[in-house]
Amino acid sequence: MAAPTGPTVRRMQLGWELKRLRDKAGFTLVEAVDGLTFSPSKLYRVENGVTALPKVADLRELLDRYGVTDDGDVQYLVDIHRDSLKRGWWAQYRNIMPSGMATLVGLESGARTIRVWQPDVVYGLLQTERYAREMLLAAKLVEETTTEFVERSVQLRGERKELLIRQDHPVELWAILDEAALRRIIGGVDVMREQYEEITRLAALDNVTVQILPTGTVTYRSSTNFTLLEFGGPLPTIVQTDVADGGSNLSDKDTTAWKFSRRFDALRAGALAPGETPGFLHRLAREISRE
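What counts, and where the lines are drawn
- Residues numbered from 1 in each chain as written.
- Predicted model: local features only at pLDDT ≥ 70, side-chain atom pairs only at ≥ 80, totals over all residues.
- Heavy atoms only, no water.
- Pairing = 2+ DSSP bridges.
- Helix = DSSP H or I, 4+ residues; strand = E, 2+ residues; numbered from the N terminus.
- Axes fitted to C-alpha atoms, helices over the stretch in contact; angles between N-to-C directions.
- Salt bridge = Lys/Arg side-chain N within 4 Å of Asp/Glu carboxyl O.
- Buried < 20%, exposed > 50% of the residue type's maximum accessible area, 1.4 Å probe, protein only.
- Arc of directions from axis to C-beta.
- Contact = heavy atoms within 4.5 Å.
- Phe/Tyr/Trp six-rings, centres within 6.5 Å; stacked < 30°, edge-to-face > 60°.
- Parallel < 35°, antiparallel > 145°, perpendicular 65-115°, else oblique.
- Left-handed = near helix turned anticlockwise from the far one by under 90°.
- Nonpolar A, V, L, I, M, F, W, Y, C, P; charged D, E, K, R; others polar.
- Core = buried A, V, L, I, M, F, W, Y, C linked by side-chain atoms within 4.5 Å.

Asker: I'd like a rundown of the sheet that holds strand 4 (residues 226-230), residues and numbers included.
Answerer: Sheets are built from strands paired through backbone hydrogen bonds, the pairs being either parallel or antiparallel. In spatial order, the strands read 3-2-1-4-5-6; together these six strands make up an open sheet with mixed pairing. At either margin of the open sheet sits one strand with a lone partner, and together these are strand 3 (208-213) and strand 6 (248-251). Between one strand axis and the next, the sheet turns by 15° as a mean value, whatever way the strands run. One ladder, built from six bridges, connects strand 1 (residues 113-118) with strand 2 (residues 172-178); its direction is parallel. Residue pairing for strand 2: arginine 115 is matched across the bridge by tryptophan 174.

Below, the structure is given as structure tokens:
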């Protein structure tokens, strides 16, 4: 099944292709842009998917310099370039997103698979509206946010969840949650019971797998959350980790992807089997109702 695309993923794809072509042609960054209207640092950011190449004329000049003359190959890259300049649906929320978040949301929208470990709270794409709102409201005074910020953040989270149930190419999600994240009461018992039901509902989808790592299990567990996003084809796996201010750190280094993939595999091996998730959540709902 072909993975969906979006401007963030297309920007990454174009950058990867341009770096491959430059290396094949034997040019340094300085040599590649000699006489062109942009700097080596600009090309570096383009190759790493950080920024888009603004003009198709610049792209054509680079391709000519790299010896790419086949009309089909040129048009293929021009089409990718055009897609990379489109405005993503998440652009309307940029003013409420911390550093790196817009890129993460764009990558989510274009990912084929997402693997995630979350030890502290329910993973964002599994959260109910009430759970998300109560969590943001609890931090409102401390973080000095506004009611508008809270409501728009809840809306953003709701739109992000659509990638799990969209008609065309829903993302494959494999989430591992620490039991502690599920026992941490957000908004009250009713909110948590509703949240358990939502996880059970989503876990029943063919493209969603949820495992729980019980607190009493003696096994490996990572103290920090992380996400692995995979796209298929030549694009690298992206590793996302949170930073202190609520933003996201992203890396496409092979060594980083390998390290976090090993962590995920160890967590998956220690967690309960996916088929045990509904029963575990049902028991947890009964327990918190008696407390």
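Asker: Explain the pattern of salt bridges to me, using residue names and the numbers behind them.
Answerer: The tally for this structure, following the rule as stated, stands at 18 salt bridges. Here arginine 160 ties to glutamate 108 by a salt bridge, and the two come within 2.7 Å at their closest N and O atoms. Taken together, the positions of arginine 160 in helix 9 (residues 147-161) and glutamate 108 in helix 6 (residues 101-110) put the pair 52 residues apart, joining distant regions of the chain. Take arginine 160: its relative accessible area is 6%, and that puts it in the buried class. Judged by its relative accessible area of 3%, glutamate 108 falls in the buried class. Shared partners join several salt bridges into a network, and the residues in it are Arg10, Asp83 and Lys86.

Asker: Which residues make up helix 4 (residues 56-65), and what are the values?
Answerer: Every buried residue of helix 4 is listed here: Asp58, Leu59, Leu62 and Leu63. One face of helix 4 carries all of its buried residues, which in axial projection span an arc of 135°. Looking at the packing, one finds that the buried side of helix 4 touches helix 1 (7-25), helix 2 (29-33), helix 3 (40-47) and helix 5 (71-84). Of the residues flanking the end of helix 4, it is glycine 67, one or two places downstream, whose phi is positive at about 80°.

Asker: Describe the packing of aromatic side chains, naming the residues involved and giving the relevant values.
Answerer: Enumeration according to the criterion identifies four aromatic pairs in this entry. Here phenylalanine 27 and tyrosine 66 contribute two aromatic rings whose centre-to-centre distance is 6.0 Å and whose plane-to-plane angle is 40°, an arrangement assigned as tilted. Here phenylalanine 27 is found in the loop between helix 1 and helix 2, whereas its partner tyrosine 66 is found in the loop between helix 4 and helix 5, with 39 residues between them in sequence. Phenylalanine 27 gets classed as partly exposed once you look at its relative accessible area, which sits at 25%. Each ring, one from tryptophan 89 and one from tryptophan 90, has its centre 5.7 Å from the other, and the planes form 85°; the classification is edge-to-face. Take tryptophan 89: its relative accessible area is 30%, and that puts it in the partly exposed class. One aromatic cluster in this structure is built from Trp89, Trp90 and Tyr93.

Asker: Please give an account of the pairing of strand 3 that cites residues and values.
Answerer: Counting buried positions over the six residues of strand 3 gives six, a clear majority of the element. Burial along strand 3 is two-sided: Val208, Val210 and Ile212 and Thr209, Gln211 and Leu213, pointing in opposite directions, are all buried. Pairing analysis gives six bridges linking strand 2 to strand 3, with the strands arranged parallel. In the strand pairing of strand 3, leucine 177 is matched with isoleucine 212.

Asker: Any chance you could break down the packing of helix 1 against helix 5 for me, citing the residues and the numbers?
Answerer: In the contact formed by helix 1 and helix 5, the axes pass within 8 Å of each other and the chain directions differ by 140°. On the basis of the axis angle, helix 1 is oblique to helix 5. With respect to the hand of their crossing, helix 1 and helix 5 are arranged in left-handed fashion. For the pair formed by helix 1 and helix 5, the contact residues are Pro7, Arg10, Arg11, Gln13, Leu14, Glu17 and Leu21 on the first element and Tyr76, Leu77, Ile80, His81, Asp83 and Ser84 on the second. Partitioned by chemical class, the residues of the contact of helix 1 with helix 5 number six nonpolar, three polar and four charged.

Asker: Go over the environment of glutamate 276 with me, naming the residues and quoting the values.
Answerer: With respect to the element layout, glutamate 276 can be found in the loop between helix 12 (254-270) and helix 13 (277-290). C-alpha separation for the pair glutamate 276 and valine 210, spaced 66 residues apart in sequence, amounts to 9.5 Å.

Asker: Could you give an account of the nonpolar core, naming the residues involved and the relevant values?
Answerer: By size, the foremost hydrophobic cluster in this structure holds 46 residues, and its most contacted members are Met97, Leu126, Leu173, Leu182 and Phe231. Broken down by secondary-structure element, the contributors of at least two residues to this core are helix 1, helix 6, strand 1, strand 2, helix 11 (189-203), strand 3 and helix 13. Not counting residues within four places of it along the chain, the set of residues in contact with methionine 97 comprises Trp90, Ala102, Val105 and Leu156. With 19 residues, the next largest nonpolar core counts Leu43, Tyr66, Val68 and Val78 among its residues.

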